[in-house]
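An overview of the molecular structure
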Amino acid sequence: MKKVFFTFLTGTFFLLIAWMQPAVPKATMERGKVVYDKACLSCHMPNGLGVPRMAPSLSKSKYVLGTKTKMIRIVLRGSEELPVNEDRDFTNPMAPILNLTDQQLADVLTFVRNSYGNRASVITAADVKYVKARMN
Amino acid sequence: MINAAYKVGFILSLPVLFIFTCSSFNPQKNVTLSAIGGISLPAGFTATVLADSLGRARHLVVNSNGDIYVKLERLINGKGIMRLRDANKDGIAESVTGFGNYGGTGIAIKDGYLYASSNEDVFRYKINNNEVDTTSPEKIVTGLVNKRQHASKSIALDNAGNIYVNIGAPSNSCQEQDRAIGSKGQDPCPILETAGGVWQFKVNKLNQSYAEGIRYVTGIRNIVGLDWNNDVNELYAVQHGRDDLNRLYPDIYSIDESVELPAEELFLMKKGADFGWPYCYYDQFQNKKVNSPEYGGNKIKTDRCEDKDLPIYTFPGHWGPNALLFYTGNQFPEKYRNGAFIAWHGSWNRAPREQQGYFVTFLPFKNGKPSGDYEIFADGFAGENKTPQGANWRPCGLAQAPDGSLIISDDQKGRIWKVSYTGK
């Protein structure tokens, strides 16, 4: 009983820690949404849930919630960066997104990482620049 | 002290309890299951659910004894074709059995053979006394382009021993980098050599590929709905028009223009026709083909399109026509005879505006030409959430039963409806 209680307590503690993470600045989210609406919404949909078998959902996606590096690489290289298998047989390719500034990419990735039920760390323009420099 | 710790623990766990409580008391959204399987039909028609939860049920066909064969896009328990048998004719299949170890879309029956396609090949099976010989399929067509995008191979047969296979272009508009902002259109588009058209093959020759086939028509982006019209002995199809005019060319197209353009085009496919993809698309407001923006288009220019073949009818953009069926039965009222039913899978590329489609329309025909305007025949497939992800069902296949009933398939969950006319 005690064990159950302490597991519960620890779990609750970590939940609290998660809640205490600094919220993403409102301005970042707003800028990110503007970029999302122009560059991503068409395939990933206004609700981020994608199109079955055509474009994947961004909600709770392991790539969205994964490392910053991987997520930055996905937008810079498009769906080439992702595996194709039974669970990921989306038919529409995603083109590399090369027409956005580092800041726009950082904003939109941060927006996606903190929308549609996602909660993950902020991506900065410096992060994008760092990953870009190490590609090719 | 312990008491205090419990108190703190309790307070800390309140939010968790709250979440649990909310989720357990959140009433599950009920799918509307009316007596006719959750859809709506015109007065005088009724429907039954023949089968449910079959998986990604794509095209389907009915044998002369009433057995229904459904092609699945992905295997279920290792089977890619399902046979539904409703021996007691109550509109509900008592027996569902499977065969065929490949996923795909196309399926047809002609002159004692069942034809079915994977995304690369076409097979046929002999039918003996209403039983399909599943043990020895013949591969009649092989090695067709399959690059995932627009990979389904729809099939139709004529009365002269030919089979027509759509080979969709694995591309939106033949850009150097597909769907990338600023990427130029390839000119000429190399995709058209092996895709972007309908090819004709012989029904009784094994292992045919591009060398043995004839490119019957070209300049098509992708077709899923394809049917032979026996009234006039011609091939017809409905095209999935291009996507993303606004996302790719925001300086030329507004969101509202991009939502409506281009038209979904219904083609009468005469041998040798060129419908203009990727160089042109059809603007239903100007009633003409105009240059695609990847090929110098500015909404107005038409110099690439003057020699291109035109649609015989157009529908609003992005509805996604997944099946075409010319109705030849006697069960439905006279106006339906030789007319075209089209199953619309439902749009995604109308976001951020409301999505459309997710229904079956009827277009009356006379002598192989549309003789009036379309009307919505079966509706309500999407339910309350008309989005590709949230729709209850997405119409994908159409077939006519020997008694003149219309069979509709859905590839979101795999429901099959049998629609009948009662006059009541």
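Please read these numbers as outputs of a predicted model, since none were measured by experiment.

The secondary structure content of chain B amounts to 3 helices and 29 strands. In summary, chain B has a C-alpha radius of gyration of 24 Å against a globular reference of 22 Å for 424 residues, a match within 12%. Seen through its principal axes, chain B has C-alpha atoms that stretch 90 × 60 × 45 Å. The buried share among the 424 residues of chain B stands at 50%. Counting contacts in chain B only where the partners sit at least 6 residues apart, residues at least 24 apart contribute 55% of the total.

Right, let's get into the overall build of chain A. The helix and strand tally for chain A stands at 6 helices and 0 strands. Counted from the first residue to the last, chain A has its helices and strands arranged as α-α-α-α-α-α. Long-range pairs, those at least 24 residues apart, make up 59% of the contacts in chain A with a sequence separation of at least 6.

Once that is clear, we can look at the nonpolar core. For soluble globular proteins, the rule of thumb is that nonpolar side chains tend to be buried together. Ranked by internal contacts, the top residues of the largest apolar core, which has 111 residues, are Val70, Val165, Met269, Phe341 and Ile342 of chain B. A per-element tally of this core places strand β22 (residues 340-344) of chain B first, with 5 residues. Once residues lying within four places of it in the same chain are set aside, the contact partners of Phe341 of chain B are Leu325, Tyr327, Val360, Phe362, Phe377, Leu398 and Leu406 of chain B. Counting 25 residues, the second-largest nonpolar core is a separate cluster that includes Val64, Ala106, Leu109 and Val128 of chain A.

On to the sheet that holds strand β20 (residues 313-315) of chain B. All names here are of chain B. The antiparallel open sheet is built from 4 strands, whose spatial order is β15-β16-β17-β20. The sheet is open, and its two borders are formed by β15 (223-229) and β20, each paired with just one other strand. Adjacent strand axes in the sheet meet at a mean angle of 20 degrees, parallel and antiparallel pairs treated alike. Here 6 bridges tie β15 to strand β16 (residues 234-239), and the two strands are oriented antiparallel to one another. For Leu226, the partnering residue across the bridge sits in β16 and is Ala237.

All names here are of chain B. Note on placement: Asn204 falls in the loop between β13 (197-202) and β14 (214-218). Residue classification places Asn204 among the exposed positions, given that 12 C-beta atoms sit within 10 Å. Taking C-alpha positions, Asn204 is 9.1 Å from Arg124, a pair spaced 80 residues apart along the chain.

Below, the discussion takes up helix α4 (residues 68-77) of chain A. All names here are of chain A. Among the residues of α4, Lys68, Met71, Ile72, Ile74 and Val75 are the ones counted as buried. Taken around the axis of α4, the buried residues stretch over an arc of 155 degrees, which confines them to a single face. Buried positions along α4 lie against α5 (102-113) and α6 (125-133). A positive backbone phi angle near 75 degrees is found at Gly78, which sits one or two residues after α4.

Here we come to helix α2 (residues 26-39) of chain A. All names here are of chain A. With 14 residues, α2 should cover 20 Å at 1.5 Å per step; its first-to-last C-alpha distance of 20 Å lies within 8% of that length. Along α2, the residues classified as buried are Thr28, Gly32, Val35 and Tyr36. The arc that holds the buried residues of α2, viewed along the axis, is 105 degrees, so those residues lie on one side. Relative to its buried face, α2 has exposed residues pointing more than 90 degrees away, namely Lys26, Ala27 and Glu30. Each element contacted by the buried residues of α2 is listed here: α3 (41-44) and α5.

With that settled, consider the pairing of strand β23 (residues 359-363) of chain B. All names here are of chain B. With 5 of 5 residues buried, β23 lies mostly within the body of the structure. Here β23 shows a buried face lined by Phe359, Thr361 and Leu363 and a second buried face lined by Val360 and Phe362. Two strands pair when backbone bridges link them, and β22 and β23 are joined in this way by 5 bridges, in the antiparallel orientation. Residue Ile342 lies in a different strand from β23, and its bridge partner there is Thr361. Across 3 bridges, the pairing between β23 and strand β26 (residues 375-378) is antiparallel. In the strand pairing of β26, Val360 is matched with Ala378.

This part is about the sheet that holds strand β4 (residues 79-85) of chain B. All names here are of chain B. Pairing is antiparallel in the open sheet, where 4 strands are placed in the order β2-β3-β4-β5. The sheet is open, and its two edges are formed by β2 (57-62) and β5 (95-99), each paired on a single side. This sheet shows a mean twist of 25 degrees between the axes of neighbouring strands, independent of strand direction. Relative to β5, β4 runs antiparallel, the two sharing 5 bridges. Opposite Ile81, over in β5, you have Phe99 as the bridge partner.

This brings us to the confidence of the model for chain A. Taken residue by residue, chain A gives an average pLDDT of 90. The fraction at 70 or more is 83%. Across chain A, the element-wise mean pLDDT spans from 61 in helix α1 (residues 2-20) of chain A up to 98 in α5 of chain A.

Our focus in this paragraph is the packing of α2 of chain A against α5 of chain A. All names here are of chain A. At their nearest, the axes of α2 and α5 sit 7 Å apart, and the two run at 95 degrees to each other. Judged by the angle between their axes, α2 and α5 are roughly perpendicular. Across the interface between the two elements, Thr28, Met29, Arg31, Gly32, Lys33, Val35, Tyr36 and Ala39 from α2 touch Gln104, Asp107, Val108, Thr110, Phe111 and Val112 from α5. The residue inventory of the contact of α2 with α5, partitioned by class, reads 7 nonpolar, 4 polar and 3 charged.

Take the confidence of the model for chain B next. All names here are of chain B. In the predicted model, chain B carries a mean pLDDT of 93, and 92% of its residues have values of at least 70. Low pLDDT, under 50, characterises residues 1-33; the stretch is placed with 15 contacts to residues that sit more than four places away or in other chains. Our summary of model confidence lists the complex with pTM equal to 0.90 and ipTM equal to 0.87.

Definitions and cut-offs
- Residues numbered from 1 in each chain as written.
- Chains lettered and ligands numbered in written order.
- Predicted model: local features only at pLDDT ≥ 70, side-chain atom pairs only at ≥ 80, totals over all residues.
- Helix = DSSP H or I, 4+ residues; strand = E, 2+ residues; numbered from the N terminus.
- Rg over C-alpha atoms; globule rule 2.2 N^0.38 Å.
- Buried ≥ 20, exposed ≤ 12 C-beta atoms within 10 Å, placed from the backbone.
- Contact = placed C-beta atoms within 7 Å.
- Core = buried A, V, L, I, M, F, W, Y, C linked by C-beta atoms within 7 Å.
- Pairing = 2+ DSSP bridges.
- Axes fitted to C-alpha atoms, helices over the stretch in contact; angles between N-to-C directions.
- Arc of directions from axis to C-beta.
- Expected span 1.5 Å × (residues − 1).
- pLDDT = per-residue confidence, 0-100.
- Parallel < 35°, antiparallel > 145°, perpendicular 65-115°, else oblique.
- Nonpolar A, V, L, I, M, F, W, Y, C, P; charged D, E, K, R; others polar.

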